[in-house]
Amino acid sequence: MYERKPTGKTEVWNRIHRLRQELDEIMAAMYAVSDEFKHIFRAPWPMHLSVQKLKTGAVYLRWRKSGVKGQQPYLQLESGAGLKLLRAQPPAVQRQYFRFHQMLLELNLWHSVCFAELRRLERYADQLKAFQGLKSGIME
């Protein structure tokens, strides 16, 4: 049965603070990887790395097909279009794309895990605050 000590608000807020810092570090790493790609490969490139920020707060490092600004769709390296673009590259270039893709996968996972934990802890903190108000209102 459940016998864990309740998590206090100080512990929760400390973890929230650390997660926010970690998410900032991850996003900085995403931009650094994107910049490194653009430093190694000069435009025009068939696809390049881009940092995508969603309204939800989620951030992803994604491949983007080159084209006219505003008409650069995101693509998965594993998709048919991604494979076609990748196969057209020399083996040395393919290896670099694989190296960058590995970083993309790791950074996206790291961000996703931290972001989900942050959202859940923020919700818990809100519920804890409401619970304290409930207890105060009933026990007074």
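Please read these numbers as outputs of a predicted model, since none were measured by experiment. Throughout this description, residue numbers start from 1 for each chain and increase along the sequence as written. Residues qualify for local features only when their pLDDT is at least 70, as the model is predicted, and side-chain atom pairs are given and counted only at 80 or more; totals for whole chains, interfaces and linings, by contrast, use all residues. Heavy atoms from the whole structure form the basis of all side-chain values; hydrogens and water molecules are not counted.

Here we look at the pattern of salt bridges
Condition: Only one rule defines a salt bridge in this text: a Lys or Arg side-chain nitrogen within 4 Å of an Asp or Glu carboxyl oxygen. Counting from the N terminus, the helices are DSSP H or I runs at least four residues long and the strands are E runs at least two residues long. Accessibility here uses a 1.4 Å probe with only protein chains present; expressed as a share of the type maximum, an area under 20% marks a residue as buried, one over 50% as exposed, and anything in between as partly exposed.
Applying the stated rule across the entire model yields four salt bridges. Arg119 is the partner of Glu122 in a salt bridge, and the nearest nitrogen-oxygen pair spans 2.6 Å. Of this pair, Glu122 and Arg119 both sit in helix α3 (residues 91–139), three residues apart, which is roughly one turn of the helix. Look at Arg119 and you get partly exposed, because its relative accessible area is 38%.

Some details on the sheet that holds strand β1 (residues 47–53)
How we decide: Any two strands are treated as partners once DSSP identifies two or more bridges connecting them.
Read across the open sheet, the three strands follow the order β1-β2-β3; overall the sheet is antiparallel. The open sheet has two edge strands with one neighbour each: β1 and β3 (74–75). Bridge count for β1 against strand β2 (residues 59–65) is seven bridges, and the pairing is antiparallel. Among the inter-strand pairings, Lys53 is bridged to a residue of β2, identified as Val59.

Examining the pairing of β2
Once β1 ends, the chain turns through five residues before running back antiparallel as β2, passing Gly57 with a positive phi of about 105°. Note: β2 against β3, two bridges, orientation antiparallel. Counted as the bridge partner of Trp63 is Leu75 from β3.

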